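Fold and contact review
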Amino acid sequence: MQRIGDAPRVRRLLVFLALAFSALFLLLPLVAIFAQAFTQGVGVFWANVSNEYTVAAIGLTLFIALLTIPVCLVFGVALAWLVTRFNFPGRRILQTLIDIPFAVSPVVAGLIYLLLYGRTGWLGSWLDGYDIQLMFAWPGILMVTIFVTCPFVARELIPLMQAQGSREEEAAVTLGAPGWTVFRRVTLPNIRWALLYGVILTNARAVGEFGAVSVVSGAIRGQTNTLPLHLEQLYQDYNTVGAFASASLLAFIALLTLVAKASLEWRAARREVHA
Amino acid sequence: MSIRLQNIAKHFGTSRALEPVNLDIRDGELIGLLGPSGSGKTTLLRIIAGLEAADREPAGRILFGDRDVTNLHVRDRRIGFVFQHYALFRHMTVFDNVAFGLTVMPRKSRPTSGEIRARVHRLLEMVKLEQLANRYPAQLSGGQQQRVSLARALALRPEVLLLDEPFGALDAKVRQELRRWLRHLHDELNFTSVFVTHDQEEALELSDRVVVMSNGRIEQIDTPDTLYRAPTNRFVFEFLGDVNHLEGSVRDGVLTCGDARLAVDLADGAEELLLRPHEVELREAATPNAHMPVTVTAISPVGAEVRVELEADWLGEPWLATVRHADYERLGLTRGMRLFAVPRRWHRFPDELSTTKPKELESA
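The numbering scheme is per chain: residues are counted from 1 as the chain's sequence reads. Ligands are numbered from 1 and chains lettered from A, in the order in which they are written. In keeping with the model being predicted, local features are shown solely for residues with a pLDDT of at least 70 and side-chain atom pairs are shown and tallied solely at 80 or more, while totals for entire chains, interfaces and linings include all residues.

1. Here's the deal with the UniProt feature "transmembrane region" (unreviewed entry) in chain A
Residues and elements named next belong to chain A. Mapped onto the present numbering, the UniProt feature "transmembrane region" (unreviewed entry) falls on residues 55-84, 96-116, 136-154, 194-220 and 240-260. Helix and strand assignments come from DSSP, with helices taken as H or I runs of at least 4 residues and strands as E runs of at least 2, each series counted from the N terminus. The span residues 96-116 carries 81% helix and 0% strand; its end-to-end C-alpha distance comes to 23 Å. As annotated, residues 194-220 has a helix share of 81% and a strand share of 0%, and its two end C-alpha atoms lie 37 Å apart. UniProt positions are given in the numbering used here, feature names are shortened, and annotations may be inferred rather than shown by experiment.

Listed below in structure tokens is the structure:
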């Protein structure tokens, strides 16, 4: 008797299609990026990477990611906690609102922020009176990056916390544990892998975000240029090697992210076997 | 420690989970809250624990001994709570689970780590799980997990132990064993226990007194013995065991239902009588007082008795009778055999006939 999906010809065909597709659309471009970056040798690559503006762009990108992650972490945990542990009017609406950044095109998000916080914007003009400028400076970049990345952590946590329920926390409270202890010793250990996963996704998006950032950054070389924006500029300037050198840096960060994600999943799977 | 509930009610949104309830539990009692799902028994237990807040209007009170705990937070009520699905901390070992309550005490009153270790080992010994101290909950069977959760709840030496369907998820044999063991523990450590169950056998076997609930109301509070023999209303009677119904009309002291006749000492009119399975006797011939022909449709020898299912034209729903093995052999019971049922005694709750079965009344 054959099991479903056991027909050898069909199986071989499907495997071939999957592999061919992955190679053509995923692996080949990745290889091409690195190949392009090194076409004129390591020296030229290094010269491009260590270029003053590239270094500034790398610095700004990492700086933004570093600020974004803690904000998203706290926001995501608080939101997931609120949505899964309490019942209040508007809970469903809140759960839908979380998804807005996913649903809205990043460029639109950037434009909205520009409209609100730009010098002539509703809030921006008021802030301008106090000589505070958010747009075309790093605070603006940070704001839109937080906007596009804020759902990741919450989205990872909500289904998990829903499935786990609040019984363990209730048990901890009946045993006399104060609120913070319950969170630290019961809630946090149960969600730590999902939390880390959420952070990895947040980081990947924060580093790679182009659309929203390009609207609000002003793209001033050495000042408000993030790595993706810098890459775009180099490409427009016909500096192909430079563009691909920056691209390879971004690809490298992406690969690191993937490795981190895979090892987390591997560890989680191993824990499940052991537990 | 005694527990006193005064006028405790609970609404979830607009739906009422508990009508204002009064309940007095004596020091050292083992009380079973028994009822079908949705009867409010778990809500009542969680209100006693402080995991749920009672309605503010009407204002009720909860007293532990002389202490008014109505507005006291769960963590300050000093109760032990055992959850239906154990709720063990899945990332902690058995040892750490049991030690949790001790390790989260304020630094000033917390025992030293040596004392904690000694106490946890004593508790694990008590629940016969010393060998498994370093295991994780997922590596234990259901019965073992429930014992860990009991040890965890007892670690702080609570004077009140609350259990929410503690044996509901376990198989019959383990359940029996744990029940006996809980009874033993209760008598030895002398705390006051309240447990929730939907299993009438469990409630009757384990409790000093049983609180029968339905639709957010307390129907009856009594010892198992009184409860079974003298139920105050039809709900309690029906919930505590299998029930056979006999509906018919009485005329001149004889109840007639199809071709069945039974001499009764009742006034003329429509009647519904209720019988427990052990109150139905099976005979080869009718008696002067009872002529009730039945056919045996199923026989299952379960434990000490034989359960016999009976059908007849005059019966709406099949009857269930339990007979002793000796009678089973004497009568030579087989499927399809025609016999006569003779009620040894019967019950009736005439006042509630109209409220519980309005439809049958109209057609009768």
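Now that the structure has been shown, we can carry on.
2. Section: the sheet that holds strand S4 (residues 61-64) of chain B
Backbone-to-backbone hydrogen bonds join strands into a sheet, with any given pair of strands oriented parallel or antiparallel. Residues and elements named next belong to chain B. One open sheet holds the four strands; their spatial order is S2-S1-S4-S5, and the pairing between them is antiparallel. The sheet terminates laterally at strand S2 (15-25) and strand S5 (67-68), the two strands that pair on one side only. Here, strands pair whenever DSSP counts at least two bridges between them. Two strands pair when backbone bridges link them, and strand S1 (residues 3-12) and S2 are joined in this way by seven bridges, in the antiparallel orientation. The partner of Arg4 across the bridge, within S2, is Asp24.

3. Quick look at unusual backbone geometry
Residue and element names in this part refer to chain B. Between Glu57 and the following residue, Pro58, the backbone shows a cis peptide bond with an omega angle of 0 degrees. Mapped onto the secondary structure, Pro58 falls in the loop between helix H1 (41-49) and S4. With a phi angle near 40 degrees, Glu165 is a residue other than glycine that sits in the positive phi range. Within the secondary structure, Glu165 is located in the loop between strand S7 (160-164) and helix H6 (172-189). Even without a glycine there, the phi angle at Asn190 is positive, about 60 degrees. Accessibility expressed as a C-beta count within 10 Å gives 10 for Asn190, which makes it exposed. Burial is judged by counting other C-beta atoms within 10 Å of a residue's own C-beta: 20 or more means buried, 12 or fewer means exposed, and anything between counts as partly exposed, with every C-beta placed from the backbone.

4. Details of the pairing of strand S11 (residues 244-251) of chain B
All names here are of chain B. Judged from the seven bridges that link them, S11 and strand S14 (residues 269-275) form a sheet pairing that is antiparallel. Bridge assignment links Glu247 to a residue of S14, and that residue is Glu272. In this sheet, strand S12 (residues 254-257) lies alongside S11 in antiparallel orientation, the contact comprising three bridges. Along S12, the bridge assignment pairs Val250 with Leu255. As consecutive antiparallel partners, S11 and S12 are separated by two residues, and within that stretch Asp252 has a phi angle of approximately 50 degrees, a positive value.

5. Observations regarding the interface of chain B and chain A
The contact rule is simple: place each C-beta atom from the backbone, and if two of them lie within 7 Å, those residues are in contact. Each partner contributes residues to the interface: chain B has 19 residues there, and chain A has 15 residues. Of all the secondary-structure elements, those providing two or more residues to the side of chain B that touches chain A are helix H2 (74-77), strand S6 (79-82) and helix H3 (94-103) of chain B. Residues that form the side of chain B that touches chain A fall into these classes: 14 nonpolar, three polar and two charged. Each residue receives one of three labels: charged for Asp, Glu, Lys and Arg, nonpolar for Ala, Val, Leu, Ile, Met, Phe, Trp, Tyr, Cys and Pro, and polar for the others, Gly being one of them.

6. A look at the packing of H3(B) against helix H5 (residues 142-154) of chain B
Residues and elements named next belong to chain B. Only the stretch in contact is used when fitting a helix axis, every axis being a line fitted to C-alpha atoms; angles between N-to-C directions are given from 0 to 180 degrees. Between H3 and H5, the least distance of the axes is 7 Å, while the angle of their chain directions is 30 degrees. Considered as vectors, H3 and H5 are oriented roughly parallel to each other. Note that H3 runs across H5; the crossing there is right-handed. Of the residues in H5, those in contact with Val94, Asn97, Val98, Phe100 and Gly101 of H3 are Val148, Ala151 and Arg152. Residue composition of the contact of H3 with H5, grouped by class: five nonpolar, two polar and one charged. In these notes the angle categories are as follows: under 35 degrees is roughly parallel, over 145 is roughly antiparallel, 65 to 115 is roughly perpendicular, and the rest is oblique. Take the far helix as your reference; a near helix turned counterclockwise from it by less than a right angle gives a left-handed crossing, and one turned clockwise gives a right-handed crossing.

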